[in-house]
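Here's the letter readout for the chains.
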Amino acid sequence: MNLYDIKVKPIDQPTITLNSYKNQTILIVNTASNCGLKNQLEELETLYQDYKNCGFTVLGFPCNQFLGQEPLDGMEIQNFCATNFNVTFPLFEKVKVNGKHTHPLFATLKERTGLKLIKWNYNKFLISPNADTVKQFSPITSPLDLREEIEALLSAD
């Protein structure tokens, strides 16, 4: 499936396709407000602020599939992230990243990277402009450790 044709639903907004982010370097992350890794939201926001004017964005997709660590919905998620971590990057409605009802975005990302199963919250997918390259990073990888990879993609134009 073409990554840019996939429909996603921003929190409290109409459904869009990822075509809205075409030609940008994108970091997609499955998030959860009650996860022990939730402090990564602050690091993700730092990356977003540092590179958003250079053609980079972070897209957060809350997921409740790992020990029920995302009990919030919609604007509750957005408010939690903004209040506790100053998040301004786009957040989307909750998705499933594994199983029978896997969101098409995560099914495509797993297929493109050869990943069979997302094992936890804060799994990261770094997508090059035009989506010709997708790299996967584990939940324990600090978002700030991706700076070099992001900068390489941003300067590859």
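Please refer to the structure higher up on the page.
Quick summary incoming for the structure in this document. (Residues numbered from 1 in each chain as written. Predicted model: local features only at pLDDT ≥ 70, side-chain atom pairs only at ≥ 80, totals over all residues. Heavy atoms only, no water.)

1. Things to note about the pattern of salt bridges
Inspection of every chain in the model, using the stated rule, returns 3 salt bridges. Of the charged contacts in the structure, one is a salt bridge between D73 and K94, with a shortest N-O distance of 3.3 Å. Residue D73 is found in the loop between β4 (56-62) and α2 (74-85), and its partner K94 is found in the loop between α2 and α3 (104-113); the two are separated by 21 residues along the sequence. By relative accessible area, D73 is classed as partly exposed at 45%. A salt bridge links K135 to E149; the shortest N-O distance between them is 2.9 Å. Here the residue K135 occupies a position in strand β6 (residues 134-137), and E149 occupies one in helix α4 (residues 147-154), the gap between them amounting to 14 residues. Classification of E149 as partly exposed rests on a relative accessible area of 27%. (Salt bridge = Lys/Arg side-chain N within 4 Å of Asp/Glu carboxyl O. Helix = DSSP H or I, 4+ residues; strand = E, 2+ residues; numbered from the N terminus. Buried < 20%, exposed > 50% of the residue type's maximum accessible area, 1.4 Å probe, protein only.)

2. Considering α3
Because each turn of an α-helix spans 3.6 residues, side chains separated by three or four positions end up pointing in the same direction. Considered for burial, the residues of α3 that qualify are L105, F106, T108, L109 and K110. Taken from the residues just after α3, G114 is the one with a positive phi, measuring 75°.

3. Side note on the nonpolar core
If you look at the biggest cluster of nonpolar residues, it comprises 26 residues, and the most contacted ones within it are L27, L41, L44, F56, F89 and I150. Of all elements in the fold, only β3 (25-31), α1 (40-51), β4, α2 and α4 reach the threshold of two or more residues within this core. Excluding anything up to four places from it in sequence, L44 contacts L27, V29, V58, F89, Y122 and P143. Counting residues in each nonpolar core, the second largest holds 23 residues, with L3, F92, V95 and I118 among its members. (Core = buried A, V, L, I, M, F, W, Y, C linked by side-chain atoms within 4.5 Å. Contact = heavy atoms within 4.5 Å.)

4. So, the sheet that holds β3
Strand order in this open sheet of 4 strands is β4-β3-β5-β6, and the pairing throughout is mixed. Each edge of the open sheet carries a strand with a single partner, namely β4 and β6. Geometrically, the sheet is characterised by an average inter-axis angle of 20° between neighbouring strands, direction not taken into account. Sheet topology note: the β3/β4 ladder contains 7 bridges and is parallel. For I26, the partnering residue across the bridge sits in β4 and is T57. Sheet contacts for α4: β3, β4, β5 (124-127) and β6; angle to β5, the most-contacted strand, approximately 20°. (Pairing = 2+ DSSP bridges. Axes fitted to C-alpha atoms, helices over the stretch in contact; angles between N-to-C directions.)

5. As for unusual backbone geometry
Positive phi, close to 55°, is recorded for N86, a residue that is not glycine. Summarising the element assignment, N86 is placed in the loop between α2 and α3. Phi is positive for N130, close to 70°, though the residue is something other than glycine. N130 gets classed as partly exposed once you look at its relative accessible area, which sits at 47%.

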